[in-house]
Amino acid sequence: MEQRPVSLDRIEPADWEAVHSWASLAAVCRFQLWGPNTEEQTREFVAAAVEAWSHVPQKRFAYVARAGEDVVGMGELHVRSFEQRRGEITYVVHPRAWGQGVGTAIGSRLLSHGFERLGLHRIFATCDPRNLASARVLAKLGMTWEGRHRHVALIRDGWRDSEVFGILEDEWRAGARPPGPRAAAGDRHTAP
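From a predicted model like this one, the values you see are computed outputs, not experimental measurements.

## Focus on the overall build of the protein chain
Per the secondary structure count, the protein chain includes five helices and seven strands. Reading the protein chain from its N end, one meets helices and strands in the order β-α-α-β-β-β-α-β-α-β-β-α. Among the 192 residues that make up the protein chain, the fraction classed as buried is 48%. Long-range contacts, defined as pairs at least 24 residues apart, comprise 64% of the intrachain contacts of the protein chain with a sequence gap of at least 6. With the model as given, the accessible surface of the protein chain reaches about 9800 Å², and the carbon-plus-sulfur share is 52%.

Dropping the structure here:
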């Protein structure tokens, strides 16, 4: 499939409908603790993601992913420790954009933001071992498989294991670095 140009924009309250278009789908949340979401659950999630932009220091950076004007997913960077310079990325892609490079584009921009703007040393991500597409995305991002944590979450079909992938700042700097999220006026990317 053709890779679509993707931009990341700071999530806004009005994005809840676009987020709900995938958060309400069983196929999207199959390997997650959440979902399928009700409209109220999606509104609460988006409100919390928007509100996180006002925290000082900011630890959660939530973006919607756009291909043109079409919202095709979202990504988040969570600073897990400023002192240890450690973060985590998460992403979700609408099924209509699966297989088009959207997840890789989101992940690349989140890694760039974490390493280039926040000065993180290590960024990790997890995925269910059955989610082979997500594992491929993480490998394409240059992340190294670090192991499996067993029975980390009880989801609808039983206990879920998590594959752990990570990348260090020197590994990131040795590879290609795509641009970070588009900065909007008033965005605060604060690190101590």
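## As for the packing of aromatic side chains
Enumeration over the complete set of coordinates arrives at three aromatic pairs. Seen in terms of ring centroids, F115 and W172 are 5.9 Å apart; in terms of plane orientation they differ by 25°. Their pairing is stacked. Of this pair, F115 sits in helix 3 (residues 102-117) while W172 sits in helix 5 (residues 169-174); the two residues are 57 residues apart in sequence, bridging distant segments of the chain. Just as F115 is buried, W172 falls in that class too. Through successive ring pairs, a cluster of aromatic residues spans W53, F61 and Y63. Across the ring face of W16, the terminal group of R43 is positioned such that the distance to the ring centre comes to 3.8 Å.

## Observations concerning the sheet that holds strand 4 (residues 86-93)
Spatially, the seven strands line up as an open sheet ordered 1-2-3-4-5-7-6, and their pairing is mixed. Each edge of the open sheet is held by one strand with a lone partner, namely strand 1 (7-10) and strand 6 (144-155). Across the sheet, the mean angle separating the axes of adjacent strands is 30° when strand polarity is ignored. The pairing of strand 3 (residues 70-81) with strand 4 spans eight bridges and is classified as antiparallel. Residue pairing across strands places G75 opposite Y91, the latter belonging to strand 4. Seen against the sheet, helix 2 (residues 39-51) touches strand 2 (60-67) and strand 3 and runs at an angle of roughly 115° to strand 2. Packed onto the sheet, helix 4 (residues 132-140) meets strand 4, strand 5 (122-127) and strand 7 (158-168) and runs at close to 165° relative to strand 5.

What counts, and at which threshold
- Residues numbered from 1 in each chain as written.
- Predicted model: local features only at pLDDT ≥ 70, side-chain atom pairs only at ≥ 80, totals over all residues.
- Heavy atoms only, no water.
- Helix = DSSP H or I, 4+ residues; strand = E, 2+ residues; numbered from the N terminus.
- Buried < 20%, exposed > 50% of the residue type's maximum accessible area, 1.4 Å probe, protein only.
- Contact = heavy atoms within 4.5 Å.
- Areas by Shrake-Rupley, 256 points an atom, 1.4 Å probe, with all protein chains shown as cover.
- Phe/Tyr/Trp six-rings, centres within 6.5 Å; stacked < 30°, edge-to-face > 60°.
- Lys NZ or Arg CZ within 6 Å of the ring centre and 35° of its normal.
- Pairing = 2+ DSSP bridges.
- Axes fitted to C-alpha atoms, helices over the stretch in contact; angles between N-to-C directions.

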